[in-house]
Amino acid sequence: MRELARKLGVNRITVEAAFSRLEASGLVHSHVGRGTFVAHPGPEAPPKPPVTPDPEAVARFWGPLFVDLRSSTPTMPALGIKPGSKSISFVPAAPPPDLFPAADLRRCMDFVLKRRVAEIARVGPSDGLPSLKAYLVRWLSQHGIAASEDEVLITTGCQQAMDLIRKALIGPGDALLMENPTYPGAVTALSSSHVERLELPVHDRGLDLRVFQSLNGRNRSKLVYCVPNFQNPTGGAMPLEARQQLVAYASQMRIPILEDDVFGELHYNGAALPPLKSLAPHLVIYIGSFSKMLTPGLRVGWVVAPRPVIKQLRVLKQATDLQTNLFMQAALDEFCRRDLLHHHLKRVRRVFMRRRDALAESLRRHFPPEARWQLPSGGLSIWVSLHPGFNAEQFLRVAQENGVEFLPGSVFYFRSPMYNSLRLSFAAEDEARIQEGIRTLGSLLQTHSARSRDLESWLDPPRAPIM
Ligand SMILES: Cc1ncc(COP(=O)(O)O)c(C=O)c1O
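Throughout this description, residue numbers start from 1 for each chain and increase along the sequence as written. In view of the model being predicted, local features appear only for residues whose pLDDT reaches at least 70, and side-chain atom pairs are presented and counted only at 80 or more, with totals across whole chains, interfaces and linings using the full set of residues. Side-chain measures here rest on the full set of heavy atoms in the structure, leaving out hydrogens and waters.

Caption draft 1: Structural context of the site of the ligand. Here a residue is near a molecule or strand as soon as one of its heavy atoms is found within 4 Å of it. Around the ligand, the surrounding shell holds 15 residues, and the nearest of these are Asn232, Asp260, Ser289, Ser291 and Lys292. We call two N or O atoms a polar contact when they sit within 3.5 Å, provided that within protein one can donate a hydrogen and the other can accept it, with sequence-adjacent residues counted only if both atoms are side-chain atoms. In this structure, arginine 299 approaches the ligand through a side-chain N or O atom, which is 2.8 Å from an oxygen atom. Accessibility throughout is a Shrake-Rupley quantity obtained with a 1.4 Å probe, and a residue counts as covered only by protein chains that appear here. Out of a free accessible area of 400 Å², the ligand has 92% covered by protein chains. Counting from the N terminus, the helices are the DSSP runs of H or I reaching at least four residues and the strands are the DSSP runs of E reaching at least two. With 4 residues, the single largest contributor to the shell around the ligand is helix α7 (residues 157-169). Amino acid classes used here: Ala, Val, Leu, Ile, Met, Phe, Trp, Tyr, Cys and Pro are nonpolar; Asp, Glu, Lys and Arg are charged; the rest, including Gly, are polar. By residue class, the composition of the shell around the ligand is 7 nonpolar, 5 polar and 3 charged.

Now the structure itself:
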């Protein structure tokens, strides 16, 4: 220090003060008897986190990064339907919580946790728990579907089955034949903005198959999607002759069929008709799930398809989520093996049949004579059409103000929506509330139809179709 002070021509105390400051700011460190050393530069001070921009700026940042989702279906909240509201609801086409066999399923879960832990506490096969697949194979054989276990893949519901099937079969520029109206979730899962959707119109008398004749020579269709048993939304069951014709056309045109049988077990007037899969095993991919039998919250379903298709789907399933929840598969396997599914179905069929009949009787009594509907032999909904100028979307708003909810038919069309239909599901409410809800809708229809004839406010809506 003395040396440095001399060189710089300053007092030694000044040099000592400068060194103390350097040490205090971490730039040097001193060791008694060894001297003072320049400190290694430490890590740079971390950059200050950016100030969070306002939500609109966040949306502007992310917006351009997303892939094109223009083909998505709008969700139900867009209709202002809030889950858990106190209204009388004809919206859910799924079993209500009070019909869920919680005690039985809990015993099955306990058993799995006591006795089958080795089977579930691991990563399992992507195509599903072998014992559940074996059960399904036996069960499906009672419906005329002859499949082996390597023709079955367990999925996270029908919804995932459709997603995997699209990934395996449908690419940009391909076409897809679908019933119109149909389940909107299928439209979203099976098609994208680069896929052409061709419609198979669904009329009062069933499916219109004439479109197959017009396909000649320019067939880019990769799949025909249909719900032969208790179609969503119309509730219709495809007659045997139509099933045979559909299979014959598809086979002639070499177009595979995707048969969605999610409602198949909910039949109230004798067994359902033979599945398409039983009529043409090599041509049909068959999907089903526990969602409508027990509850959609379980998320367990299946695909039954020819071996090459399952092989492809297994690879895609692995990439998507490795496997469907093994614990739930094992619990449902127990549930089925103890014959509890069979007993549960007997019970819910009785309940749903009574609710269907209460709805039908109330419609007869309270809806205007021009209302057209058919008693479905299964499923969870009745499809009601009113006069051609009627607008069910507008009517929904009036109904909601009066404590009743339903789905306007227009949300089920992917092309040329019809606005004069309502889907009334009878799953969620008991007979008394069904009667009360339909009485309310009936009297609103009377008042508002009369007023609308004067105001012409029920004529076709002045807005773009939902999808
Ligand atoms: C015709 C149809 N298929 C599939 C699904 C979805 O089934 P999952 O719950 O098995 O995915 C629904 C749900 O409402 C449906 O109506």
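Caption draft 2: How the structure looks around the sheet that holds strand β15 (residues 421-425). What makes two strands pair is DSSP finding at least two bridges between them. Read from one edge of the open sheet, 3 strands run β12-β15-β14, paired in antiparallel fashion. On the outer flanks of this sheet lie β12 (381-385) and β14 (407-408), each paired with one strand and no other. Pairing geometry for β12 and β15, over 5 bridges, is antiparallel. Following the sheet pairing, serine 385 is matched in β15 by serine 421. With respect to the sheet, helix α14 (residues 340-366) is in contact with β12 and β15, its orientation differing from that of β12 by roughly 15°. Contacts between residues were defined by any pair of non-hydrogen atoms, one from each residue, lying within 4.5 Å. For every element, the axis is a line fit to its C-alpha atoms; helices are fit only across the contacting stretch, and the angle between N-to-C directions ranges from 0 to 180 degrees.

Caption draft 3: Geometry of empty space enclosed by the protein. Buriedness for pockets is judged along seven lines, at least five of which must meet protein on both sides within 12 Å for an open set on the 1 Å grid over protein atoms alone, while cavities are sets there where a 1.4 Å probe fits but cannot get out, and lining residues have an atom within 4 Å of a point. Grid points are joined across faces, edges and corners, and a volume is the space filled by probe spheres set on the points. Scanning the entire structure with this criterion turns up 1 cavity of 30 Å³ or more. Forming the boundary of the largest cavity are Phe230, Gln231, Asn232, Pro233, Gly235, Phe263, Gly379, Leu380 and Ser381. Class assignment of the residues belonging to the lining of the largest cavity gives a composition of 4 nonpolar, 5 polar and no charged.

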